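Each chain, written out:
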Amino acid sequence: MPAYWIAHAHVNDPAEYKKYTDQLPPLFEKYKARILARGGDYKILEGDVPFERHVVIEFESLDLAEAFFNSPEYQAAAAFRRQPGVAINHQIIVDGVAPK
């Protein structure tokens, strides 16, 4: 069953944040991830949303999504965005539904 990584970010330092995002394409390929939405226009339909960047990534399974997040390669890349003042991120992984 697919799983979806949903991320929201408020980026304060685009140059440092880019050091993170530049490392992700080979990891997406390695973990068979498919980008469904990344950045782009969005509409707030209800509530306050303190983020201007929204990302949805499809993985083949919840386990594979977790393996991606916990991989040494991803953790090394994420260190750039985790530096104080670079960005605020919220990330979750959610199971998809079985195809009918």
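The structure we're discussing is the one just above.
One structure accompanies this document, and this report is about it.

### Things to note about the environment of A67
Topologically, A67 is positioned in helix α3 (residues 62-70). The exposure class assigned to A67 is partly exposed, which follows from its relative accessible area of 32%. When the C-alpha positions of A67 and Y4 are compared, they lie 13 Å apart, and in sequence the two are 63 residues distant.

### Focus: the side chain of S71
Assignment of secondary structure puts S71 in the loop between α3 and α4 (72-81). A distance of 2.9 Å separates a polar side-chain atom of S71 from the backbone oxygen of F68.

### So, the nonpolar core
Grouped together as the largest cluster of nonpolar side chains are 20 residues, with contacts concentrated most on W5, Y20, L24, I57, F59, F68 and Y74. For this core, the secondary-structure elements that each account for two or more residues are β1 (3-11), α1 (14-21), α2 (24-30), β3 (53-59), α3 and α4. Residues in contact with F68, not counting those within four places in the same chain, are W5, L27, F28, Y31, F59 and Y74.

### Regarding the environment of A87
Mapped onto the secondary structure, A87 falls in strand β4 (residues 87-95). Separated by 70 residues in sequence, A87 and Y17 have C-alpha atoms that sit 7.3 Å apart. Apart from residues lying up to four places away in sequence, A87 is in contact with H10, V11, N12, Y17 and R81.

### Brief notes about the sheet that holds β3
Pairing is antiparallel across the open sheet formed by 4 strands, whose spatial order is β2-β3-β1-β4. Both edges of this open sheet fall to β2 (34-38) and β4, since each of them pairs with a single strand only. Taking the axes of each pair of neighbouring strands and ignoring which way they run, one obtains an average angle of 15° across the sheet. Examined bridge by bridge, β1 and β4 share 9 bridges and lie antiparallel to one another. Its bridge partner being in β4, H8 is matched across the sheet by H90.

### Re the layout of surface pockets
There is about 200 Å³ of room inside the largest pocket. Contributing to the lining of the largest pocket are 20 residues, with Y20, T21, L24, R53 and V55 lying nearest its centre. Mapped by element, the contributors of at least two residues to the lining of the largest pocket are β1, α1, α2, β2, β3 and β4. Here the lining of the largest pocket is composed, by residue class, of 13 nonpolar, 5 polar and 2 charged.

### Remarks on the environment of Y20
Tracing the sequence through the fold places Y20 in helix α1. A C-alpha to C-alpha distance of 18 Å links Y20 and A65, two positions 45 residues apart in sequence. Leave out the neighbours within four places in its chain, and Y20 touches Y74, A77, A78, F80, R81 and Q91.

Cut-offs and rules
Residues numbered from 1 in each chain as written. Predicted model: local features only at pLDDT ≥ 70, side-chain atom pairs only at ≥ 80, totals over all residues. Heavy atoms only, no water. Helix = DSSP H or I, 4+ residues; strand = E, 2+ residues; numbered from the N terminus. Buried < 20%, exposed > 50% of the residue type's maximum accessible area, 1.4 Å probe, protein only. Polar contact = N/O pair within 3.5 Å; in protein donor to acceptor, adjacent residues only side chain to side chain. Core = buried A, V, L, I, M, F, W, Y, C linked by side-chain atoms within 4.5 Å. Contact = heavy atoms within 4.5 Å. Pairing = 2+ DSSP bridges. Axes fitted to C-alpha atoms, helices over the stretch in contact; angles between N-to-C directions. 1 Å grid on protein atoms, 1.4 Å probe; cavity = no way out; pocket = protein on both sides within 12 Å on 5 of 7 lines; lining within 4 Å. Points joined across faces, edges and corners; volume = space filled by probe spheres on them. Nonpolar A, V, L, I, M, F, W, Y, C, P; charged D, E, K, R; others polar.

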